[in-house]
Structure formats: structure tokens, C-alpha cells
Amino acid sequence: MCEIVDVTFDLKTYEYSEPFRIANNVEDKADNIEVKVHLKDGTVGVGEASSSYRVNGEKVPALLALQDTVKEMISGEDVRNYKRIFDIMDGLSRTAPSVKAAVQYATLDALSIVIGVPVYQILGGNKSKIHTDKTIGIDTIDIMVEKARKTFNEGFKTLKIKIGENLKEDIEKMIAISEATPGAFYIVDANQGYTAKTAIQFAKSVYAQNVNVVVFEQPVMWNDLDGLKLLRYNSPFPIAADESAKTRHDVYALIRNECVDFVNIKLMKSGLSDALSIVELAKTTNIGLMIGCMGESSVGINQSVHFAAGTGAFAYHDLDSHMMLKAEFRGKFKQEGDTLIPNVQ
Ligand code: MN
């Protein structure tokens, strides 16, 4: 009754409420793939792949074409033996990590329905709620300050600020935002826009103005491990890897080479299997963790809410993409301001 008999992919296109700009990239829509795992007894588990060409090298038509292959790979497997399905899907780590994530989550969602235990409890039930930040995309200084003020007043205590296109303006923006939102915490994300030396200048200048940056994310190119290491030892703020940290093997190399203080885990880069490994790697080596997202709707954010609450592993949660998309809410969690609460069945 718990055997997988079918796997279906559906393309869902969601528009952003307004174009979302980060260093050297703008998104106006998310082409997500809703993945359904169908069991013999009629149970349907749901997951969502929000792919990224920029980070993962994924293209949507190529991912959609994997539907029948994935069906062939996991048909007949019993979702109660979910580790077997996780291991099979690890084969897609390099070529289709967002599909790997969606299939692994849909497997747990189906199991969750069968056994009547929510996914966050299957994963450990560590926390019953988490708090998310909200992101301010790159814009003019006046618009960014106004958005930061409004978002902070809505109850988001941690603001994620996108920078990385202009050092001088970025420093001015951070000082102005900090003056407008006293008491806020900032995760600053340069999305690979700086060199190590400009990033050091940014961090030292902003630190001297007492701006409360809690994490400085991916200042340099994903493959610049020497730059990350230089920064880690010269930035007053903790340095996080995002684009540099996709698989468990990437994170092992980052930690071994002393490149990071923090890792930003995203299910869309790692799937659940590598994300679970990274959690243990980071805990073992005293590296901090945050969890982020790509362009997931509430269906995809649901995956990270249950993962983050279940493992309880994250100091910061950046699970806000569903708030930026024009889409009906369909998550198995409740949201009250910045608080995300996985549903109890
Ligand atoms: Mn990032």
C-alpha cells in the first residue's frame, strides 16, 4: 500500500509582486515544478522544485523531461523505507538538485500522510515554530530604507539586505537602513558581487558605524575559496557561504579549508539528504547555520519550514520567497507575522 506507483511533474509559473533584484540578476517570475509521488493506496505526497540556472545550472525544460526517468528510478519503492529513495535521488545531486529535493520531500510528505505524523516530527520535532527574516532587494537608497522601515515595523526583526553592485552606495545604504530600523539584525548578502578586498572594506566600514550585521553572505565568487578564507580572517562579521555550498562535499571542503563561519543551506541546492549531512557536519565543527530559499511558493517553503523546525538546526531562517510571489497560500504551516508554525496533524 505504501509503494510508489507514479510520479508526476506539473509546471507552475508564479509572478513576483515586483521584480526582485540581487547583484547582477533580476527575477520577475518563478517557473516551479510541482512534484507528486503517488502511492498504491491513493496517497499523494507533494513537493516543489524551484530551480536555479544561476546557482545550480538547471534549466526548466530539461528538468521537466526527467519525469518518466524519475518514475522509473523509484517506482515500487516503499516510502516507509525513505532512505532508499533518498539514496536513489542522490544520483541527481549535480544535474537536478531541485528535482532531487522535491522528490525527497514528496516522499516524506506521502509517508507523513500514511503514518499520521507531520514531516517536521519525522525529522525530529526539535522546534514547534521558527522565525523568518524578510529580504530587501537592490534598489535606490530611498526605496531600500523605506522598505526596511516598513518591514521592520511589520514585525520582522531580522532583515536581509541585498548588496554587491557598488561598494560606496552599499555602505551608505547600510548606515541609512540601520538608522531607520534601530534594534534590527541584518543579514547582508552580496551574491558574489565583491572581490575579497572590496568585501573587507565594506565589512570594516559598516562595523565602524556599529551596524548590527549578524551574517555577511557570499561576498565573493562561489569558486573563490581563497577569497572566502581571507575574508573569514579579516571581516569582523561572520562569513557565510551560499553559492559556494551546494552539496555535502562542498561544505566539507569549505570547513576543512577554514573558509566559513556560517553555511546557508537551501533544499533546492542540496535536497533533504545533503541538507541533513550538512547539518551534522556543521554541528560537529561548530559552524553556524542559516536556511534560505530560491523562488519557492508556499508549497516549497513548506518543505524548509518542516526541515528547519524538525532539525532545529538554524540560527537564522530566510524563508520568505512565498511572500514575494503572487500565489494562493497552500503550505502545511501557519504564518503569523515573522513566525512560521508547522501544522500538527
Ligand atoms: Mn544568498
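For clarity, every value in this text was computed on a predicted model and none was experimentally measured. (Residues numbered from 1 in each chain as written. Predicted model: local features only at pLDDT ≥ 70, side-chain atom pairs only at ≥ 80, totals over all residues. Heavy atoms only, no water.)

## Brief notes about unusual backbone geometry
Applied cut-off: Counting from the N terminus, the helices are the DSSP runs of H or I reaching at least four residues and the strands are the DSSP runs of E reaching at least two.
Residues other than glycine seldom take positive phi values, yet Asn 24 does so here, at roughly 60 degrees. Tracing the backbone through its elements, the reader meets Asn 24 in the loop between β1 (4-22) and β2 (25-39). Its identity is not glycine, yet Glu 258 carries a phi of approximately 60 degrees, on the positive side. Within the secondary structure, Glu 258 sits in the loop between α11 (248-256) and β10 (262-265).

## Examining the sheet that holds strand β4 (residues 130-131)
Defined as follows: DSSP calls a pair of strands paired once it identifies at least 2 bridges connecting them.
Ordered by their spatial adjacency, three strands build an open sheet running β4-β14-β13, and the pairing between neighbours is antiparallel. Lying at the two open borders of the sheet, with one neighbouring strand each, are β4 and β13 (333-336). Pairing between β13 and strand β14 (residues 339-342): four bridges, direction antiparallel. What sits directly across from Glu 336, in β14, is Thr 339.

## Topic: the layout of surface pockets
Our working definition: Using a grid of 1 Å spacing that covers the protein atoms alone, one calls a set of points a cavity when a 1.4 Å probe fits there but cannot get out, and a pocket when the set is open and has protein on both sides within 12 Å along at least five of seven lines; lining residues are those with an atom within 4 Å of a point. Grid points are joined across faces, edges and corners, and a volume is the space filled by probe spheres set on the points. Here the term charged refers only to Asp, Glu, Lys and Arg, the term nonpolar to Ala, Val, Leu, Ile, Met, Phe, Trp, Tyr, Cys and Pro, and the term polar to all other amino acids, Gly among them.
Estimates place the volume of the largest pocket at around 600 Å³. As for the largest pocket, its lining consists of 31 residues, of which Tyr 16, Glu 27, Ser 51, Ser 52 and Gly 295 are closest to the centre. Put simply, the parts of the chain that give the lining of the largest pocket at least two residues each are β1, β2, α1 (53-56), β6 (158-162) and α14 (321-324). The biggest single contributor to the lining of the largest pocket is β2, with six residues. Residue composition of the lining of the largest pocket, grouped by class: 10 nonpolar, nine polar and 12 charged. By volume, the second largest pocket is sized at about 420 Å³. Residue lining of the second largest pocket: 18 residues in total, with Glu 18, Lys 134, Thr 135, Lys 147 and Met 324 positioned closest to the centre. Broken down by secondary-structure element, the contributors of at least two residues to the lining of the second largest pocket are β1, β5 (134-136), α7 (141-153) and α14. For the lining of the second largest pocket, the residue count by class is seven nonpolar, four polar and seven charged.

## Focus: the pattern of salt bridges
This is how it is decided: Salt bridge criterion: a side-chain nitrogen from Lys or Arg within 4 Å of a carboxyl oxygen from Asp or Glu. The cut-offs for exposure are 20% and 50% of the maximum accessible area for each residue type, with area from a 1.4 Å probe on protein chains only; residues under the lower value are buried, those over the upper are exposed, and the others partly exposed.
Under the criterion given, the structure shown has 29 salt bridges. Across the salt bridge formed by Glu 34 and Arg 330, the nearest N and O atoms sit 2.6 Å from each other. Of this pair, Glu 34 sits in strand β2 while Arg 330 sits in the loop between α14 and β13, placing them 296 residues apart in sequence. Arg 330 gets classed as partly exposed once you look at its relative accessible area, which sits at 36%. In this structure, Arg 248 engages Asp 90 in a salt bridge whose closest nitrogen and oxygen atoms are separated by 3.4 Å. Pair noted here: Arg 248 is in helix α11 and Asp 90 is in the loop between α4 (82-89) and α5 (97-115), with a separation of 158 residues, a long-range link. The network of salt bridges with common partners includes Lys 160, Lys 162, Asp 189, Glu 217 and Asp 318.

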